Amino acid sequence: MAPSGSRSIKKGCQRVLYWIPVLFIALIVAWSYYAYVLQLCIESIEDTGEKVIYLLVYHVIFIMFVWAYWQTIFTRPMNPLKEFHLSYSDKELLEREDRGESQQEILRRIAKDLPIYTRTNSGAIRFCDRCQLLKPDRCHHCSVCDKCILKMDHHCPWVNNCVGFSNYKFFMLFLAYSLLYCLFITATDLQYFIKFWTNSLPDTQAKFHILFLFFSASMFSVSLASLFIYHCWLVCKNRSTLEAVRSPVFRHGIDKNGFSLGCSKNFRQVFGDELKYWPIPVFSGLGDGCSFPTCLVNLDPEQPSSPRGSNPASKGAAEGRQFPSKPLRESQSRLLTSTPSWTESDSATDKDRKGASNPGMTIENEA
C-alpha cells in the first residue's frame with residue numbers, strides 16, 4: 001500500500017507542476033490586459049477616437065486569442081477506436097508466443113482488418129505494449145499523458161496537453177491569434193514607447209507599464225512568429241512535428257511525403273472545407289483521425305479503407321465523415337473530389353509511363 005500511495009502522491013504533484021507554464025501564461029496575459037486597457041488606453045491616450053478604435057480591435061483579438069487557447073488546453077486528445085485494441089483472446093494468444101516473429105504474424109493477421117499502412121523502421125507492425133493496441137497511422141504514445149494519441153504532433157507544456165488530431169487546428173489558431181495579439185500591442189504601443197524615451201509622457205506608473213509592455217510583446221512576437229511559420233510549413237506538407245523529425249515508414253520504405261496531397265488539400269484536412277469555420281476555434285477538420293488518405297500508388301489491395309464496424313459519428317469530432325486511407329478509389333472522400341480520382345487503370349498507366357524499375361515510387365496529387 002505504501003508504494004502505491006507514494007506513487008499517487010507523486011502523480012498528483014506532477015499534475016500540479018504541469019499547470020505552472022499555463023499559469024505563467026495566464027498571469028502574463030492578465031497583466032498585459034491591465035497594462036494595455038487601463039494604463040495605456042484609458043490613462044495615457046488622450047484622443048477619444050483613437051482610444052475607442054484601439055479598445056475595440058484589441059478586445060476582438062483578445063477574445064479570439066483566449067478562446068483558441070482555452071480550446072487547445074481543454075480539448076481532450078482523441079484515442080484510437082476500440083477496433084485497434086486487442087481482444088481478450090488476441091492478448092492471450094500474443095502472451096503465449098515467445099518468439100518475436102510469431103508475435104508479428106499474429107499482429108499482421110489482426111492488421112489486415114484495419115487501415116494500417118505505416119510500419120516500424122524494421123518493417124514490423126506498430127504495436128503499443130502499454131495500451132495493448134495496434135497503432136493507427138500517425139498515432140504515437142505520449143509518455144506524459146500515458147496514452148496513444150491520434151495524429152500526435154507533440155506534447156506542449158504551455159497548454160499542458162497533447163497537440164494532435166482533435167486540437168491541432170485550435171493550436172494553430174492559438175499561435176496565429178497570440179502572434180496577432182503581440183503585433184497589435186507592439187504597433188499601437190510604439191509611439192508611446194518613443195515618448196517614454198523623449199520624456200514626453202507624464203511621470204506616472206503608466207510609463208513603466210508602457211515600457212515593459214512594448215518589450216514583452218515584441219519579444220514574444222519574434223518567438224511566436226518563428227513557431228507559427230514552422231507549423232504553417234508543416235500543415236502545407238501534411239506532416240506532424242514527430243514526422244518532421246522522423247519520417248513515416250510505409251511498406252515500401254521511408255517516405256516523408258507519404259501523406260501529402262498538395263498544399264490546398266493538406267490545409268483543408270486540418271481546417272475543413274467550409275471557409276466560415278477556418279478562423280473560429282471549433283472543430284472543422286476532415287476525417288476520424290484513425291485513417292488518412294495517402295499519395296501512395298502501391299497500397300495493399302486487401303487492406304480496408306476504414307476499421308471494421310467503426311462509427312466516427314459517435315466520436316463527434318469527425319461528424320460522421322470517414323477520412324479513408326485509400327484515395328485511389330473514386331468518391332471515397334470529399335477531399336479528393338476537387339480533382340479527377342486516380343483509378344486502378346490510371347495508376348497502372350502512370351507506373352508504365354514512369355518505368356517498371358520504380359515499383360516503390362510515390363506520387364503527389366496537385367492541390
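About the cut-offs
Residues numbered from 1 in each chain as written. Predicted model: local features only at pLDDT ≥ 70, side-chain atom pairs only at ≥ 80, totals over all residues. Heavy atoms only, no water. UniProt positions renumbered as here; feature names shortened; annotations may be inferred. Axes fitted to C-alpha atoms, helices over the stretch in contact; angles between N-to-C directions. Helix = DSSP H or I, 4+ residues; strand = E, 2+ residues; numbered from the N terminus. Parallel < 35°, antiparallel > 145°, perpendicular 65-115°, else oblique. Contact = heavy atoms within 4.5 Å. Nonpolar A, V, L, I, M, F, W, Y, C, P; charged D, E, K, R; others polar. Expected span 1.5 Å × (residues − 1). Bend = angle between axes of the 7 residues up to and from the residue. Buried < 20%, exposed > 50% of the residue type's maximum accessible area, 1.4 Å probe, protein only. 1 Å grid on protein atoms, 1.4 Å probe; cavity = no way out; pocket = protein on both sides within 12 Å on 5 of 7 lines; lining within 4 Å. Points joined across faces, edges and corners; volume = space filled by probe spheres on them. Core = buried A, V, L, I, M, F, W, Y, C linked by side-chain atoms within 4.5 Å. Phe/Tyr/Trp six-rings, centres within 6.5 Å; stacked < 30°, edge-to-face > 60°.

The name an unreviewed UniProt entry assigns to the protein chain is Palmitoyltransferase, from the organism Perca flavescens. In its Sequence similarities (unreviewed entry) section, the UniProt entry covering the protein chain states "Belongs to the DHHC palmitoyltransferase family." In its Subcellular location (unreviewed entry) section, the UniProt entry covering the protein chain states "Membrane".

Chemist: I keep staring at the packing of helix α2 (residues 20-42) against helix α3 (residues 48-74) and nothing clicks. Help me out?
Modeler: Between two packed helices, the angle of one axis relative to the other and the distance separating the axes together describe the packing. Where α2 meets α3, the closest approach of the two axes is 11 Å, and the angle between their N-to-C directions is 170 degrees. Classified by the angle their axes make, α2 and α3 are roughly antiparallel. Only K51, Y54, L55, Y58, H59, F62, F65, Y69 and I73 of α3 make contact with α2, whose side of the interface consists of V22, I25, V29, S32, Y33, Y36, V37, C41 and I42. Classifying every residue of the contact of α2 with α3 gives 15 nonpolar, two polar and one charged.

Chemist: What's the story with helix α6 (residues 168-197) in this structure? I'm lost.
Modeler: Helical geometry: 3.6 residues make up each α-helical turn, so side chains three or four residues apart lie on a common side. Counted at 1.5 Å a residue, the expected span for α6 with its 30 residues is 44 Å, and the 42 Å between its end C-alpha atoms agrees. Bending of α6 peaks at approximately 45 degrees at the position of L190. A large share of α6 lies buried, amounting to 21 of its 30 residues.

Chemist: Any chance you could explain empty space enclosed by the protein here in plain terms?
Modeler: Where empty space is left in the structure can be found by rolling a water-sized probe over the atoms. Following the criterion strictly, the structure yields five cavities of 30 Å³ or more and no others. Computed from the structure, the largest cavity encloses a volume of approximately 100 Å³. For the largest cavity, the lining is made up of 13 residues, of which F165, Y168, Q269, V270 and F283 are closest to its centre. When residues of the lining of the largest cavity are traced back to their parent elements, those giving at least two are α6 and α9 (263-271). The element best represented in the lining of the largest cavity is α6, accounting for three residues. Within the lining of the largest cavity, the residues separate by chemical class into six nonpolar, five polar and two charged.

Chemist: Got a minute to help me understand the nonpolar core in this structure?
Modeler: Core analysis: the biggest nonpolar cluster contains 47 residues, and Y36, Y58, Y168 and F174 have the highest contact counts within it. For this core, the elements supplying multiple residues, two or more each, are α2, α3, α6, α7 (206-237) and α9. Looking at this core, the element that brings in the most residues is α6, giving 15 residues. Aside from chain neighbours lying at most four places away, what touches F174 is F65, A68, Y69, T72 and V159. Formed by 27 residues, the second largest nonpolar core is a distinct cluster that contains L94, L114, Y117 and L134.

Chemist: Help me out: how do you make sense of the environment of P293 in this one?
Modeler: Mapped onto the elements of the fold, P293 is located in the loop between α9 and α10 (344-354). Separated by 24 residues in sequence, P293 and Q269 place their C-alpha atoms 9.8 Å apart.

Chemist: What's the story with the packing of aromatic side chains in this structure? I'm lost.
Modeler: Inspection of every chain in the model, using the stated rule, returns 27 aromatic pairs. For the pair F24 and W158, a centre-to-centre distance of 6.4 Å together with 45 degrees between the ring planes defines the contact as tilted. Of the two residues, F24 sits in helix α2 while W158 sits in the loop between β5 (154-156) and β6 (161-163), which places them 134 residues apart along the sequence. These aromatic residues form a ring-pair network of at least three members: Y33, Y36, Y54, Y58, F62, F65, Y69, Y168, F171, F174, Y181 and F184.

Chemist: What is the right way to read the layout of surface pockets from this model?
Modeler: Estimated volume of the largest pocket: approximately 570 Å³. As for the largest pocket, its lining consists of 18 residues, and the residues nearest its centre are R15, Y18, V144, C145 and D146. Of all elements in the fold, only α1 (2-18) and β4 (147-149) reach the threshold of two or more residues within the lining of the largest pocket. If you tally residues by element for the lining of the largest pocket, the top one is α1, at four residues.

Chemist: Can you walk me through the environment of A187 in this structure?
Modeler: Mapped onto the elements, A187 comes out in helix α6. Owing to a relative accessible area of 55%, A187 belongs among the exposed residues under this scheme. Between the C-alpha atoms of A187 and S218, which are 31 residues apart in sequence, the distance is 9.1 Å.

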